[in-house]
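Breakdown of the fold
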Amino acid sequence: ATSTAPALQPAGHFHAVPDTVRRRVDTLAPLVQEAAERNGVSVNLLKAVIAAESAGQADARSSKNAKGVMQLIDTTAAMMGVQNVWDPRDNINGGAKYLGQMIHRFGGDIRRAVASYNAGPGAVEKHGGVPPYHETQAYVGKVMDYFRYFEQQEPGDNDED
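Keep in mind the model is a prediction, meaning the values are calculated, not measured.

1. A few points about the overall build of the protein
Across its full length, the protein carries eight helices and zero strands. Starting at the N terminus and walking to the C terminus, you meet the elements of the protein as α-α-α-α-α-α-α-α. Here the protein holds 161 residues, and 47% of them are scored as buried. Considering only intrachain contacts with a sequence separation of at least 6, the fraction spanning at least 24 residues in the protein is 47%. Carbon and sulfur atoms provide 49% of the accessible area of the protein, an area that totals close to 8,400 Å².

This is the structure:
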């Protein structure tokens, strides 16, 4: 038997991505797909990070001056070769490149890669996993919930290679 759970209440015990956020992320789908393929990162993981970081808003700016769809700080954007942090294609590609590097750095451990996206790889290495910071733990939980949500919306999305 297959589940026919409505989109707002997917099976499982995690939080669904709010409709407005999902719609915004969906409009970015071609850019997400392109960045995922270019950087060897899961489309659904990228969608989850975008949903958690900016709710899919290209003009988002945090109190810590992180900018754009994937909330890149200037030093990370520069390291990833991002020319225009406000351009969604450039921003998503830079975020995907950084996330891909973190996944590689942590041997494919998605939770550690996501934690390093939030707190930096040094903090993850220092603590041997997700750092005991409330913000980072909440962030990792949210991204992983959103990742599972997107996986349920588009199963097999990452098995096409």
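2. Looking at the packing of helix α3 (residues 43–54) against helix α8 (residues 134–153)
Axis separation between α3 and α8 bottoms out at 8 Å; the angle between their running directions is 130°. For the element pair α3 / α8, the angle class is oblique. Classified by chirality, the crossing of α8 by α3 is right-handed. Note on element contacts: α8 touches α3 through Y139, K142, V143, Y146, F147, F150 and E151, opposite N44, L45, K47, A48, V49, A51, A52 and E53. When the residues that make up the contact of α3 with α8 are grouped by side-chain class, the tally is ten nonpolar, one polar and four charged.

3. A word on the environment of M79
Mapped onto the elements, M79 comes out in helix α4 (residues 74–79). A relative accessible area of 57% places M79 in the exposed class.

4. Quick word on the packing of aromatic side chains
Two descriptors summarise a pair of aromatic rings, namely the distance from one centre to the other and the angle between the planes of the rings. Summed over the entire model, instances satisfying the criterion amount to two aromatic pairs. For the ring pair Y98 and Y117, a centre distance of 5.7 Å and an interplane angle of 65° mean the geometry is edge-to-face. Note that Y98 is positioned in helix α5 (residues 88–105) and Y117 in helix α6 (residues 110–119), a separation of 19 residues in sequence. Given a relative accessible area of 10%, Y98 falls into the buried group. Ring plane angle 70° and centroid distance 5.5 Å describe the contact between Y149 and F150, whose orientation is recorded as edge-to-face. Given the relative accessible area of 0%, Y149 is considered buried. Here F150 falls in the buried class, since its relative accessible area comes to 2%.

5. Overview of unusual backbone geometry
A positive phi angle is found at A55, which is not glycine, with a value near 55°. If you trace the backbone, A55 turns up in the loop between α3 and α4.

6. Digging into helix α1 (residues 19–27)
Here α1 has its buried residues at V21, R22 and V25. The buried residues of α1 occupy one face: seen down the axis, they fall within an arc of 100°. Close packing links the buried residues of α1 with α2 (29–39), α3 and α8.

Criteria and cut-off values
Residues numbered from 1 in each chain as written. Predicted model: local features only at pLDDT ≥ 70, side-chain atom pairs only at ≥ 80, totals over all residues. Heavy atoms only, no water. Helix = DSSP H or I, 4+ residues; strand = E, 2+ residues; numbered from the N terminus. Buried < 20%, exposed > 50% of the residue type's maximum accessible area, 1.4 Å probe, protein only. Contact = heavy atoms within 4.5 Å. Areas by Shrake-Rupley, 256 points an atom, 1.4 Å probe, with all protein chains shown as cover. Axes fitted to C-alpha atoms, helices over the stretch in contact; angles between N-to-C directions. Parallel < 35°, antiparallel > 145°, perpendicular 65-115°, else oblique. Left-handed = near helix turned anticlockwise from the far one by under 90°. Nonpolar A, V, L, I, M, F, W, Y, C, P; charged D, E, K, R; others polar. Phe/Tyr/Trp six-rings, centres within 6.5 Å; stacked < 30°, edge-to-face > 60°. Arc of directions from axis to C-beta.

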